[in-house]
Amino acid sequence: FRFAHRQSIGKMKLYVKYAGTKQALEVEGTMTVAQLRSKVLDITGADASILRYLGKPIEDDAKTVTEVGLKNNRTVICCRDFTMDEVAKHHTIDDVWTVIQGKVYDLTEYVNEHPGGDIIMDAAGKDGTASFENQAGQGSHTQYARTTLNKYYIGTLVTSS
């Protein structure tokens, strides 16, 4: 037990996913979430006000990264606002973003696992809300599909200013 505890607060490598890119980041397990946000800003230039892990926001800045459940070699998603013009640039099989109900998702890592096959590409770079909600005329997606989708959330759609 002591060894496992010591290991959990040592150094770990996280990957920060931001706007379609992924960067490695070495952190101490005792680092607070606030310090992690600052470090993310330093290496990506990204506003790290919204960090997500396993589909859920990381909200308590006073907790350490191990207290909020971050684990070695895992990915933290840094979310931000996107315009439809930005989303539209991500429409290839190697770079798949879509919008569903005003939220932006990077489905690149999921596209080959999609049970419906490549129909997912019909929503690449576009607002896929209607397609997602009616599954190409097959009815609404399951709760499992909606939970899976949350893992790929990267931000919110905003109108161009």
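Residues numbered from 1 in each chain as written. Predicted model: local features only at pLDDT ≥ 70, side-chain atom pairs only at ≥ 80, totals over all residues. Heavy atoms only, no water.

(A) Up close: the overall build of the protein. Within the protein, the regular secondary structure consists of 5 helices and 9 strands. Written out in order from the N terminus, the α and β elements of the protein read α-β-β-α-β-β-β-α-β-β-β-α-α-β. Within the protein, buried positions represent 36% of all 161 residues. The contacts in the protein between residues at least 6 apart in sequence include a share of 62% that link residues at least 24 apart. When the accessible area of the protein is evaluated, it comes to approximately 9,400 Å², of which 51% is carbon and sulfur surface. (Helix = DSSP H or I, 4+ residues; strand = E, 2+ residues; numbered from the N terminus. Buried < 20%, exposed > 50% of the residue type's maximum accessible area, 1.4 Å probe, protein only. Contact = heavy atoms within 4.5 Å. Areas by Shrake-Rupley, 256 points an atom, 1.4 Å probe, with all protein chains shown as cover.)

(B) Focus on the pairing of strand E7 (residues 95-100). Summarising burial for E7: 5 of the 6 residues are buried, a large majority. The pairing of strand E6 (residues 91-92) with E7 spans 2 bridges and is classified as antiparallel. Following the sheet pairing, histidine 91 is matched in E7 by valine 96. Between E6 and E7, which pair antiparallel one after the other, the connecting turn spans 2 residues. Where E7 hands over to strand E8 (residues 103-106), the hairpin turn is made up of 2 residues, of which glutamine 101 adopts a positive phi near 50°. (Pairing = 2+ DSSP bridges.)

(C) Inspection of the nonpolar core at higher detail. The biggest cluster of nonpolar side chains holds 20 residues, and the ones touching the most others in it are Val104, Tyr105 and Leu107. If one sorts the elements of this core by residue count, E7 sits on top with 4 residues. Non-local contacts of tyrosine 105, meaning those with residues more than four positions away in its chain, are made with Val96, Trp97, Thr98, Ile100, Leu149, Asn150, Tyr152, Tyr153 and Ile154. (Core = buried A, V, L, I, M, F, W, Y, C linked by side-chain atoms within 4.5 Å.)

(D) Quick peek at the environment of glycine 116. Considering the arrangement of structural elements, one finds glycine 116 in the loop between E8 and helix H4 (129-134). For glycine 116, a relative accessible area of 45% puts it in the partly exposed group. Here the alpha-carbon distance between glycine 116 and glutamine 135, two residues 19 residues apart in the chain, equals 8.7 Å.

(E) Expanded view of the side chain of threonine 64. Among the secondary structure elements, threonine 64 is positioned in the loop between strand E4 (56-57) and strand E5 (74-82). Apart from the residues lying within four places of it in its own chain, the contact partners of threonine 64 are Gly29, Thr30, Met31, Thr32 and Val33.

(F) Quick peek at the pattern of salt bridges. Per the counting criterion, the structure on display carries 5 salt bridges. Here the salt bridges share partners, and the residues they tie into one network are Lys11, Glu26 and Glu28. (Salt bridge = Lys/Arg side-chain N within 4 Å of Asp/Glu carboxyl O.)

(G) View of the environment of glycine 139. Looking at where glycine 139 falls in the secondary structure, it is placed in the loop between H4 and helix H5 (143-150). Glycine 139 sits in the partly exposed class, given a relative accessible area of 29%. If sequence neighbours within four positions are ignored, glycine 139 has contacts with Glu133 and Asn134.

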